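Now for the letters of each chain:
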Amino acid sequence: RIANRITKRLKKIFHLVLSEIAAETYDTEYGTDKNLGTCAYMLFEEQVIDAMIMDYLNKRPDQGGKIIVDVGCGTGRHSLRLATLFDEVYGYDFSPKMIQVAKQKKKRDERLSHCLFCEADVEFESIRYESDIMGKADIVIASFGMGSFVEDTDKMIKRYYEWLIPGGRLFISFYNSDSVLLNVTPNWRDTSLSAK
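Residues numbered from 1 in each chain as written. Predicted model: local features only at pLDDT ≥ 70, side-chain atom pairs only at ≥ 80, totals over all residues. Heavy atoms only, no water.

Trainee: Looking at this structure, I do not really get the nonpolar core. What am I missing?
Mentor: Soluble globular proteins: nonpolar side chains tend toward being buried together. Counting 23 residues, the largest nonpolar core has Val69, Val71, Tyr92 and Trp163 as the members making the most contacts within it. Counting residues per element, the ones that place at least two in this core are strand S1 (67-71), strand S2 (88-93), strand S4 (137-142) and helix H7 (153-163). In this structure tryptophan 163 touches Val69, Val71, Val122, Ile127, Glu130, Ile133, Met134, Gly135, Lys136, Ala137 and Val140, once residues within four positions along its chain are discounted. (Core = buried A, V, L, I, M, F, W, Y, C linked by side-chain atoms within 4.5 Å. Buried < 20%, exposed > 50% of the residue type's maximum accessible area, 1.4 Å probe, protein only. Helix = DSSP H or I, 4+ residues; strand = E, 2+ residues; numbered from the N terminus. Contact = heavy atoms within 4.5 Å.)

Written out as structure tokens, the structure is:
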């Protein structure tokens, strides 16, 4: 059991190293036609997330103070894109360089001042602004396979639900067990809840 936890932690560290290396070129490499697999995956997730958010917002049109939390926000891809729909946007990522890129993108547009980006491993650390989102978030998203990155999925889902208001929405993305991304060595993602 201890060896299993150590293996998962080492895989997570490897993921962090990859994120640090990829941060500067992430937006130009991963979400473009150059990288067909990840581009298609990202576009598909954007469509699903957008449909979920629009359905949610249409059912709660008069509710003010809408909050969205983006776990594993990377360079702020979803956070910044969805900022026009929410009063407060909180983006968390464990990669300092990814957060640095997100903050640089935010600085380019004064309309994004309500977006807060913080470096944190949400699974293991207390996070800045958690009291501001606890029981107040309308939407929590953990996209691009984030569900497959955590060591204790049950604990994370519980934490996400604690952030949500009653009737709020949660989007967690898991890679399926046949995913190319899960079968690349070394595999740093938790496959215990992979879709079958």
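Trainee: How should I be thinking about empty space enclosed by the protein in this particular structure?
Mentor: The rolling of a water-molecule-sized probe over the atoms marks out the regions of remaining empty space. Across all of its chains, the model carries three cavities of 30 Å³ or more by this definition. Of the voids in this model, the second largest cavity is the one considered here, and its volume is about 40 Å³. Taken together, Ala142, Met146, Gly147, Val150, Thr153, Met156, Ile157, Tyr160 and Ile172 form the lining of the second largest cavity. Tallying contributions element by element places H7 first for the lining of the second largest cavity, with four residues. Residues of the lining of the second largest cavity, tallied by class, amount to seven nonpolar, two polar and no charged. (1 Å grid on protein atoms, 1.4 Å probe; cavity = no way out; pocket = protein on both sides within 12 Å on 5 of 7 lines; lining within 4 Å. Points joined across faces, edges and corners; volume = space filled by probe spheres on them. Nonpolar A, V, L, I, M, F, W, Y, C, P; charged D, E, K, R; others polar.)

Trainee: Please clarify how the pattern of salt bridges should be interpreted in this entry.
Mentor: If the charged atoms of two oppositely charged side chains come close together, the side chains can form a pair. All chains considered together, the criterion is met by eight salt bridges. Between aspartate 55 and arginine 169 there is a salt bridge whose closest N-O contact spans 3.1 Å. Linking aspartate 55 in helix H3 (residues 36-59) with arginine 169 in strand S5 (residues 164-172), this pair joins segments that are 114 residues apart in sequence. Here the salt bridges share partners, and the residues they tie into one network are Glu46, Asp50, Arg77 and Arg81. (Salt bridge = Lys/Arg side-chain N within 4 Å of Asp/Glu carboxyl O.)

Trainee: Honestly, the packing of aromatic side chains in this entry has me stumped. Any pointers?
Mentor: Each pair of aromatic rings is reported with the distance of its centres and the angle of its planes. The final tally for this structure, using the stated rule, is two aromatic pairs. Considering the side-chain rings of tyrosine 90 and tyrosine 129, the 5.9 Å spacing of their centres and the 50° angle between planes classify their relative orientation as tilted. Taken together, the residues tyrosine 90 in strand S2 and tyrosine 129 in the loop between strand S3 (115-119) and helix H6 (130-133) connect sequence positions 39 residues apart. Judged by its relative accessible area of 25%, tyrosine 129 is partly exposed. Note on tyrosine 160 and tryptophan 163: the rings are 5.5 Å apart at their centroids and 50° apart in plane angle, and the pair reads as tilted. Of the two residues, tyrosine 160 and tryptophan 163 both sit in helix H7, three residues apart, roughly one turn of that helix. No difference in accessibility class separates tyrosine 160 from tryptophan 163, as the two residues are buried. (Phe/Tyr/Trp six-rings, centres within 6.5 Å; stacked < 30°, edge-to-face > 60°.)

Trainee: What is the right way to look at helix H5 (residues 96-107) in this model?
Mentor: Note that an α-helix has 3.6 residues per turn; residues three or four places apart therefore point the same way. Taking 1.5 Å per residue, twelve residues should reach 16 Å; H5 reaches 17 Å between its end C-alpha atoms and fits that length. All of the buried residues along H5 are Met98, Ile99, Val101, Ala102 and Lys105. Burial along H5 is one-sided: seen end-on, the buried residues are contained in an arc of 160°. (Expected span 1.5 Å × (residues − 1). Arc of directions from axis to C-beta.)

Trainee: Sorry, what's going on with the sheet that holds S3 here?
Mentor: Sheet strands pair via backbone hydrogen bonds, and the direction of the pair is either parallel or antiparallel. Taken together, the five strands give an open sheet; going across it, the order is S3-S2-S1-S4-S5, and neighbouring strands pair in parallel fashion. This sheet does not close on itself; its edge strands, each paired only once, are S3 and S5. Taken pair by pair, the neighbouring strands of this sheet meet at an average axis angle of 15°, ignoring direction. With five bridges connecting them, S2 and S3 associate as parallel partners. The partner of tyrosine 92 across the bridge, within S3, is cysteine 118. H5 rests against S2 and S3 of the sheet, and its axis sits at about 160° to S3. In the packing of H7 onto the sheet, the strands contacted are S1, S4 and S5, and the crossing angle to S5 comes to about 140°. (Pairing = 2+ DSSP bridges. Axes fitted to C-alpha atoms, helices over the stretch in contact; angles between N-to-C directions.)

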